[in-house]
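Architecture and fold: a report
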Amino acid sequence: FHVERQYPNYGPKKVCCPWSRCCGMGDFRPRTVWLGHPEKREQRYPRNVINNQKYNFFTFLPGVLFNQFKYFFNLYFLLLACSQFVNELRLGALYTYWVPLGFVLIITIAREAVEEIRCYCRDKEVNSQIYSKLSTRGTVKVKSSGIQVGDLIIVEKPPRGVCYSILNHPFSSLIPGSCFLRTDQLDGETDWKLRLPVACTQRLPTAADLLQIRSYVYAEEPNIDIHNFIGTFTRGNATHSEDGDPPVNESLSIENTLWASTVIASGTVVGVVIYTGKELRSVMNTSNPRHKVGLFDLEVNCLTKILFGALVVVSLVMVALQHFAGRWYLQIFRFLLLFSNIVPISLRVNLDMGKMVFSWMIRRDSKIPGTVVRASTIPEQLGRISYLLTDKTGTLTQNEMVFRRLHLGTVAYGMDSMDEVQSHVFSTPHNSSLAASLNSTSKTPVSTAPAATKVRKTISSRVHEAVKAIALVHCVTPVYEANGVTDQAEAEQHYEDTCRVYQAASPDEVSLVQWTESVGLTLVGRDHNSMQLRTPSGQILNFTILQIFPFTYESKRMGIIVRDESTGEISFYMKGADVVMAGIVQYNDWLEEECGNMAREGLRVLVVSKKSLTEEQYQDFEARYIQAKLSVHDRSLKVATVIESLEMEMELLCLTGVEDQLQADVRPTLEILRNAGIKVWMLTGDKLETATCTAKNAHLVTRNQDIHIFRSVTTRGEAHLELNAFRRKHDCALVISGDSLEVCLKFYEYEFMELACQCPAVVCCRCAPTQKAQIVRLLQERTGKLTCAVGDGGNDVSMIQEADCGVGVEGKEGKQASLAADFSVTQFKHLGRLLMVHGRNSYKRSAGLSQFVIHRSLCISTMQAVFSSVFYFASVPLYQGFLIIGYSTIYTMFPVFSLVLDKDVKSEVAMLYPELYKDLLKGRPLSFKTFLIWVLISIYQGSIIMYGALLLFESEFVHIVAISFTSLILTELLMVALTIQTWHWLMIVAELLSLACYIASLVFLHEFIGAWVSFDVYFIATLSFLWKVTVITLVSCLPLYILKYLRRRFSPPNYSKLTS
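Because the structure is a prediction, the values reported are computed rather than measured. (Residues numbered from 1 in each chain as written. Predicted model: local features only at pLDDT ≥ 70, side-chain atom pairs only at ≥ 80, totals over all residues. Heavy atoms only, no water.)

Before going further, it helps to spend a moment on the overall build of the protein. A tally of regular secondary structure across the protein gives 38 helices and 33 strands. Taken over 1060 residues, the protein has a buried fraction of 55%. Excluding contacts between residues fewer than 6 apart, the proportion of contacts in the protein whose partners are at least 24 apart in sequence is 73%. (Helix = DSSP H or I, 4+ residues; strand = E, 2+ residues; numbered from the N terminus. Buried < 20%, exposed > 50% of the residue type's maximum accessible area, 1.4 Å probe, protein only. Contact = heavy atoms within 4.5 Å.)

In structure tokens:
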């Protein structure tokens, strides 16, 4: 086998060092790889390591600081703090500015350090996985990071029930001969694909002899095409052979490859490593992850810019009112420092800590167990999703096919009547084969009820023939494995049922063969030339496989010609989609109607037919078929023409209906998302028919919606005509293939996206991984709305990383998607609660918290502006030292931060009425309107408190500070109480704790406070102080309470109607 080395893939990738291009690893080139001799390499190849860390030991601190201060506002606060070293600009103690900045930096550095340590541990675990390598010293163990191009790797089938990293191994096979391979992590298809070994190496006695022959592989340069490979295998003379084999050249194709991130069915394989690191197909098909910045953060950033503009304007106004006297430019800087609270430094740290709390709440929610938050910076994004893009296999479905219906035209058998089918099969005489029993049905003696017996026999023979056809027309191979009691050889010899597993290129075929086993006819053996079935009596029926016509997406059918060894009868069986089989089978009046009925139930329908051939007919066909396969020109067309000569007037045997089991509660979850105003697009690598069936079955497309299947287009003209046809449809779901989508996006990107965005649902089938990411990117660019991508396989990683919110589902395809995602869930149904409850709460709480932090800063800045205006525009701080720091920390931090616990409705109500989520899509909780309202409230309250203190002070400056600061603290505590909609016991604790801290600091720290401000402790204890503070606080807060009551009374919000 030619093997691509496994590169563990679970998220952002940094495969090579920054100097890789300088070291000759920057360009992809073809290579010659000597088997077992990596030292003979002609060029340098990337190491097979994973490194998801952003920093190393030396770059961590400089890197984190650079990433913090490269943004203007963080740099602004740094310059603000540094300015206090200049005597002309100093306004107070250094710690007034450095302590808040240091606190923010410590929080950020600690968070980055934790993430880096976790990332390092994950990388180390993956890079330290042990593999077996074939060398001149025998089989040696080697770490994943130590594997090189040219190494011979021995890999066995991964055991069941082990951890995810083992299941991602790309090497396993049957030796000698072919093996089945699953590529679910690359293209989303979980069916087994056949892979073939290099023929000239199969004659070697042992695998160790691979090291004794001079052989090499010439391989094409690395590229993203996972469906094609071009290479050659050259075997020279044996070094230890007397006569030696002549040099052999053998072409290599995709059938000889085992890509990384694939898994095989059973056995062992020896493979030569061709690609490593960044050159892997799986890595090249994964787009580079982008650093996600939430829309909410951008909006807050915009508001902060407005506040900074206001800061500059106020400072200039203050200097202008002084008529730019003296060194006015220094006065501008002093006023910028004086009013610096307008831009709150605590905003960023409050929001970051809030995000951490929201992430903790998501992880601790018992209703969605196993949910992991990997990107704690964007939980509020979940509250504003407009488009949900989901994978199909393993995300919406369990990828478990279940046989649901057998239809014979006059009678149909469902799950509740399969025992009748079984009784017909078991009625086969134990001393004859199934075919013989069918031929002898007419010879059975007539009973006392001739008519009834005749009907029963007719139905019985039809059921027999249908079951036999289903058991024969497939590409399924039974494989026997040791189970601890029986070894593999013994199990294969005696056809042990407990040791048998089925492997096939389609899970549909496996479900059909498993169903025939359940009704009594079991597939027990198969190779390239024969097939064995076992009857209920235990008799083995032998069939010779004469020809197989595999399923293709163009033909939409597969056929097989077999000879029954017991009777010599030659039969041509065929099964396929109803659209193609309708013109092949004999005329009937029920096929179209029943296929439609079964498809509406979400079943995958296959039509099974039969045609008996004489020996002469088959010999004539075989001669023409061989001649067509030898043609150099138009080979595929000539072969198809010969096969079609058989596909005429075939006998219709039955219809089969298979259902792909949906994940639990997929339908109600999709309904919740639809009612919440979220449009769902399904992007899958699966077939069009399969994707359409799943869309109907999951109710992604509702019963009253039409489906427009976009015709396959290859040219601009065809795309134009099809788009015009689609434009005439209204309220119609769209189904389109990846190839047609690529043509439409190439020539009519704007027109197509405009039409697709109007559809209630879109299904894109046969999508490549990079194409999924492209669709997400186009949606973001064309609509400006937030997108969420959901998937469970490696082929979904690009889509997940490109979306504004990526959600990975831990499924049968491994944890690759969940580890690369921002959020990880165990089931698709958890998505409803993640968005409707946690997403909604996170967004509303973040909006409330950010606006309150801005209000808190604007209040004290307004008071400073009023104070400076009254005292002749002097650049003198109103509060200094401990009061400034205490105001935004111990005095108000806990009550303000407790807003992260607030909620307007219970989680059950949010799930019951997803329409509440739709209100958030307009961004009303944080808008210019709400921002302006809070600015006006801040100006009003700051002015009232300052002017009230000025009116009521008794000829001493100290009383202004005492009265105004105490009123300010009480106003903030009351405003928090006014904002809260649902009280939590921690909120009450936070309010009382903050008040107690302020009182205690006045009593016990009055000397420390007095070092900076002449706080008159005796005046604070008087009745005069209490009534003045009470009056000022009531005037600042009471009108707002009255306005809130009136608004709730006459214009209540939607959620209040549900909570009343």
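What follows covers the pattern of salt bridges. All told, the structure shown has 25 salt bridges when counted by the stated rule. We note a salt bridge from Glu279 to Arg31, for which the minimum N-O separation is 2.9 Å. Here Glu279 is found in the loop between β13 (268–273) and α6 (281–284), whereas its partner Arg31 is found in strand β2 (residues 31–34), with 248 residues between them in sequence. Given the relative accessible area of 2%, Glu279 is considered buried. Notably, a salt bridge pairs Glu749 with Arg782, separated by 2.6 Å at the nearest N-O pair. Taken together, the positions of Glu749 in helix α23 (residues 749–758) and Arg782 in helix α24 (residues 769–783) put the pair 33 residues apart, joining distant regions of the chain. (Salt bridge = Lys/Arg side-chain N within 4 Å of Asp/Glu carboxyl O.)

All right, on to the sheet that holds strand β28 (residues 706–709) then. Strand pairing in a sheet relies on backbone hydrogen bonds, with the paired strands running either antiparallel or parallel. Reading across the sheet, the nine strands line up as β14-β33-β32-β31-β15-β27-β30-β29-β28 and stay open at both edges, with mixed pairing between neighbours. Each of the sheet's edge strands pairs with one partner strand only, and the pair in question is β14 (372–373) and β28. In terms of strand pairing, strand β15 (residues 385–390) meets strand β27 (residues 679–683) through four bridges, oriented parallel. Residue pairing for β27: Leu389 is matched across the bridge by Trp681. Most of the contacts of helix α27 (residues 830–870) go to strand β33 (residues 823–825), to which it runs at about 140°, and overall it touches β15, β31 (786–791), β32 (805–809) and β33. (Pairing = 2+ DSSP bridges. Axes fitted to C-alpha atoms, helices over the stretch in contact; angles between N-to-C directions.)

The next thing to look at is the packing of aromatic side chains. For the structure shown, the criterion picks out 23 aromatic pairs. Ring centres 5.9 Å apart and planes at 90° place the aromatic pair Phe549 and Phe572 in the edge-to-face group. Here Phe549, found in strand β22 (residues 540–549), pairs with Phe572, found in strand β24 (residues 570–576); they are 23 residues apart in sequence, far enough to count as distant. Of the two residues examined, Phe549 and Phe572, each falls in the buried class. (Phe/Tyr/Trp six-rings, centres within 6.5 Å; stacked < 30°, edge-to-face > 60°.)

Once that is clear, we can look at the environment of Gln780. Along the chain, Gln780 falls in helix α24. For Gln780, a relative accessible area of 17% translates into the label buried. Distance from Gln780 to Ala803, taken between C-alpha atoms, is 8.3 Å for residues 23 residues apart in sequence.

Glancing now at unusual backbone geometry. The backbone phi angle of His699 is positive, close to 60°, even though this residue is not glycine. For His699, the position within the fold is in the loop between α20 (688–697) and β28. A relative accessible area of 28% means that His699 is categorised as partly exposed. Of note in the backbone geometry, Arg766 takes a positive phi value of approximately 55° without being a glycine. Of note, Arg766 is situated in the loop between β30 (761–765) and α24.

The subject of this paragraph is the sheet that holds β24. The strand order across the open sheet built from nine strands is β17-β16-β26-β25-β24-β23-β22-β21-β20, with neighbouring strands paired in antiparallel fashion. Lying at the two open borders of the sheet, with one neighbouring strand each, are β17 (412–413) and β20 (522–526). Relative to strand β26 (residues 651–662), strand β16 (residues 397–407) runs antiparallel, the two sharing seven bridges. Following the sheet pairing, Arg405 is matched in β26 by Gly657.

A few words now on the pairing of β24. Burial of β24 is extensive: seven of the seven residues sit out of reach of the surface. Covered by surrounding structure in β24 are Ile570, Phe572, Met574 and Gly576 together with Ser571, Tyr573 and Lys575, the residues of both alternating faces. Pairing analysis gives seven bridges linking strand β23 (residues 557–564) to β24, with the strands arranged antiparallel. Within β24, the residue paired with Ile561 across the bridge is Phe572. Remark: five residues form the turn of the hairpin made by β23 and β24, two consecutive strands paired antiparallel; Gly568 in that turn has positive phi of roughly 80°. Examined bridge by bridge, β24 and strand β25 (residues 604–613) share seven bridges and lie antiparallel to one another. Counted as the bridge partner of Lys575 is Val608 from β25.

Topologically, Ala865 is positioned in helix α27. Note on Ala865: relative accessible area 19%, which makes it buried. In this structure the C-alpha to C-alpha distance between Ala865 and Ser315, which are 550 residues apart in sequence, comes to 9.5 Å.

Put simply, α27 and helix α32 (residues 928–952) touch, their axes get as near as 8 Å, and they point 40° apart. In terms of their interaxial angle, α27 and α32 are classed as oblique. Relative to α32, α27 is oriented so that their crossing is right-handed. In the contact of α27 with α32, the residues fall into 17 nonpolar, eight polar and no charged. (Parallel < 35°, antiparallel > 145°, perpendicular 65-115°, else oblique. Left-handed = near helix turned anticlockwise from the far one by under 90°. Nonpolar A, V, L, I, M, F, W, Y, C, P; charged D, E, K, R; others polar.)

Here the focus is the side chain of His838. By the element assignment, His838 lies in helix α27. Other than its neighbours up to four places away in sequence, His838 contacts Met361, Ile362, Asp365, Ile368 and Arg833.

Let's shift gears to the packing of helix α17 (residues 615–629) against helix α18 (residues 635–646). Contact geometry for α17 and α18: axes closest at 8 Å, N-to-C directions at 165°. Taken together, the axis directions place α17 and α18 in an arrangement best described as roughly antiparallel. Between α17 and α18 the crossing geometry is left-handed. Seen from α17, the contacting residues are Phe621, Arg624, Tyr625, Ala628 and Lys629; seen from α18, they are Arg635, Lys638, Val639, Val642, Ile643, Ser645 and Leu646.

Note: α-helices contain 3.6 residues per turn, so residues at a spacing of three or four share the same orientation. Compared with an ideal rise of 1.5 Å per residue, which puts 20 residues at 28 Å, helix α34 (residues 985–1004) spans 28 Å between its outermost C-alpha atoms and is within 8% of the ideal. For α34, every residue scored as buried is listed here: Met987, Ala990, Glu991, Ser994, Tyr998, Ser1001 and Leu1002. Along the axis of α34, the buried residues cluster in a sector spanning 105°; they form a single face. Exposed residues pointing more than 90 degrees away from the buried face of α34 are listed as Trp985, Leu992 and Phe1004. (Expected span 1.5 Å × (residues − 1). Arc of directions from axis to C-beta.)

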